[in-house]
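Listed here are the chains, written in short residue letters.
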Protein chains: 2
Amino acid sequence: MKPLFGGIEGGGTKFVCAVGTGPDDIRAETRFPTTRPEETMERAIDFFKQQEKELGGLSAIGFACFGPLNPDPVSPTYGHILPTPKPGWANADVAGALRSAFGLPISFDTDVNGAALAEGRWGAAQGCDPVLYLTIGTGIGGGALVNGQLLHGLLHPEMGHISLPHEIARDPFPGTCPFHGDCFEGLACGLALEKRWGARAETFGPDHPAWDLEAHYIALALASYIYTLSPQRIVLGGGVPQQPHLMALIRQKTQALINGYVQSAQILTNIASYIVPPGLGGRAGVLGAIAMAEQAFLMDSKTP
Amino acid sequence: MKPLFGGIEGGGTKFVCAVGTGPDDIRAETRFPTTRPEETMERAIDFFKQQEKELGGLSAIGFACFGPLNPDPVSPTYGHILPTPKPGWANADVAGALRSAFGLPISFDTDVNGAALAEGRWGAAQGCDPVLYLTIGTGIGGGALVNGQLLHGLLHPEMGHISLPHEIARDPFPGTCPFHGDCFEGLACGLALEKRWGARAETFGPDHPAWDLEAHYIALALASYIYTLSPQRIVLGGGVPQQPHLMALIRQKTQALINGYVQSAQILTNIASYIVPPGLGGRAGVLGAIAMAEQAFLMDSKTP
């Protein structure tokens, strides 16, 4: 019998839980607002318990969650949310709640790492390794699949916070990051767009000067990730890159910045198939959690 | 019988070849100048053939080489040097020469990836994953061990070429990178130090203003790698970081730039054991090649 998986996409405002085996086989799904951690985790656990009665036992559960969090299975605070301004969630042992309730293999990682795994497994980056998944929305975050597993170590990537050359003359806006001011997120997230230009990005026409500057900062960041991670494909999720014209501008500027230095056909001639929108659209989050469960199940099956 | 490995550290000016199993067991070693690829590879092959007669058969060979190169085993140009200004080496099938001569598992990767593996296996980053190895000498290069294997994908990392905020007011020097001008390498490599200040860095006293600026650029780059790769340890090789006082300044500035954002004890309190000099010193190159051979042997033994 094909193993069945549970997946939780834990977001700051809502949780999505699903049971299935992949994008063409989601057998049950629910969503509810993110309240306090005990209550929220209880609703997730109740959902899976109910589904186990109806659909049969789960083989593993994946939990792709907002951060910062501790994804290191050998750490004493594995599975906890780390100090966060989100009321009640700091130090909550969210994965522990799942483990106690089910006694199943649990995979716990960031939402963007989950999305990277899902895009590699079923989406726009199938067969690629490393896969880089970057989301540019209200904030900016990145996850990656590297050598078959999700990327974390010290903690987990916080890719939005790299420093970039700030085009001060053309762009005196100081940036929105409370920690770093004009880091990549501070200069280029949705909030920065809104604060810099005094209006929401959805209202800008295609000739608005915001786009050229936005594409420039995104391209600087992508070049930095390419030099550091050497990804075989970059998936750009979140609301901002889905704006018309922006994707083409990002590709062109990334190519220009690298200036022939990386002698790969993907950069030199095939950049339109290298920097791509998500293949799973808004489903990458919950499917990422399902893919994480699948991976935890396969790892667990291999352990003697 | 314990398997015996061959390792080649292929540098732009010299090749080092060794036979052994690790840092405490190097049974033979030779070095010779890097001339034309056919001649250079022939000398390496002759050395290993001779050692096989004297010491017994090798189980695998690792080749940690200057780049750019193609480390992707499924690519038709796997094992080749890529277009390079170095006369005669562009498109040379250097790993192919080894494969034809020995019929053994061959591991072919960048010198800095080899050094990352060796530092993780026997040096200053034992038990860590990811391991980031950065060398700051005439140029700047980085390699990494991630999820148990070396990091490459699109091609291989070119970590020296990330963009950083250039402190133009304090530092009008335009940078030395022929491709990107003031990228990290362009601002902070040994050549940049020499050109900016009109003298070689070894001649600067400890109060020379070069060091504060140099530590600032290196710290910006390290913060960027930390956000992108989440390494469990960073090993700083090459001549520049070995200058007195510089390592302490780099640690202090990296911590200040991250500004508490990464809630890890390694950053917040233990940074002196997080950003470290190589444990293997100048031996990381050839030991990296031996470690690569060991990994190729283990992978090959697992393949049915």
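See the structure shown above.
Residues numbered from 1 in each chain as written. Chains lettered and ligands numbered in written order. Predicted model: local features only at pLDDT ≥ 70, side-chain atom pairs only at ≥ 80, totals over all residues. Heavy atoms only, no water.

Engineer: Looking at this structure, how should I read the relation of the copies chain A and chain B?
Structural biologist: Between the two copies of the chain lies a relationship made up of a rotation around an axis and a movement along it. In screw terms, the move from chain A to chain B is a rotation of 180 degrees and a rise of 0.0 Å along the axis, fitting with an RMSD of 0.0 Å. The transformation relating the two chain copies, once decomposed into turn and shift, fits a two-fold axis. Among all residues of chain A, the minimum C-alpha distance to the rotation axis is found for Pro 165 of chain A, at 1.9 Å. Here 100% of the contact residues of chain A are again contact residues in chain B; the copies associate through an equivalent surface. (Least-squares fit on C-alpha atoms with pLDDT ≥ 70 in both. Contact = heavy atoms within 4.5 Å.)

Engineer: Would you mind showing me how to read the interface of chain A and chain B here?
Structural biologist: Bring the parts together and some accessible area is lost; that lost area is often taken as the interface size. Counting residues at the interface gives 47 residues for chain A, matched by 47 residues for chain B. Taken together, the two surfaces of chain A and chain B that pack against each other cover about 3900 Å², and 59% of this comes from carbon and sulfur. The largest share of the area that chain A buries against chain B comes from Leu 154, Thr 228 and Tyr 261 of chain A, three residues that together contribute 20% of it. Inspection of the chain A/chain B interface yields zero salt bridges. Counting every contact that joins chain A to chain B gives 30 residue pairs in polar contact (both at pLDDT 80 or more). Only β8 (149-150), α6 (209-229), α7 (246-258) and α8 (265-268) of chain A provide two or more residues apiece to the side of chain A that touches chain B. Take the side of chain A that touches chain B: its biggest share by element is seven residues, from α6 of chain A. Classifying every residue of the side of chain A that touches chain B by side-chain character gives 27 nonpolar, 17 polar and three charged. (Buried area = accessible area lost by both parts, 1.4 Å probe. Salt bridge = Lys/Arg side-chain N within 4 Å of Asp/Glu carboxyl O. Polar contact = N/O pair within 3.5 Å; in protein donor to acceptor, adjacent residues only side chain to side chain. Helix = DSSP H or I, 4+ residues; strand = E, 2+ residues; numbered from the N terminus. Nonpolar A, V, L, I, M, F, W, Y, C, P; charged D, E, K, R; others polar.)

Engineer: Where do I start with the pattern of salt bridges in this structure?
Structural biologist: Residues and elements named next belong to chain A. On inspection of all chains with the given rule, the structure shows 22 salt bridges over all chains. Residue Glu 167 pairs with Arg 170 through a salt bridge whose shortest N-O separation is 3.9 Å. According to the relative accessible area criterion, Arg 170 is partly exposed, its value standing at 43%. Between Asp 212 and Arg 170 there is a salt bridge, with its nearest N and O atoms 2.4 Å apart. Of this pair, Asp 212 sits in helix α6 while Arg 170 sits in the loop between β8 and α4 (184-188); the two residues are 42 residues apart in sequence, bridging distant segments of the chain. A residue is classified by how much of its surface remains accessible, and Asp 212, at 30% relative accessible area, is partly exposed. Salt bridges sharing partners connect three or more residues here, namely Glu 167, Arg 170, Asp 212 and Lys 253. (Buried < 20%, exposed > 50% of the residue type's maximum accessible area, 1.4 Å probe, protein only.)

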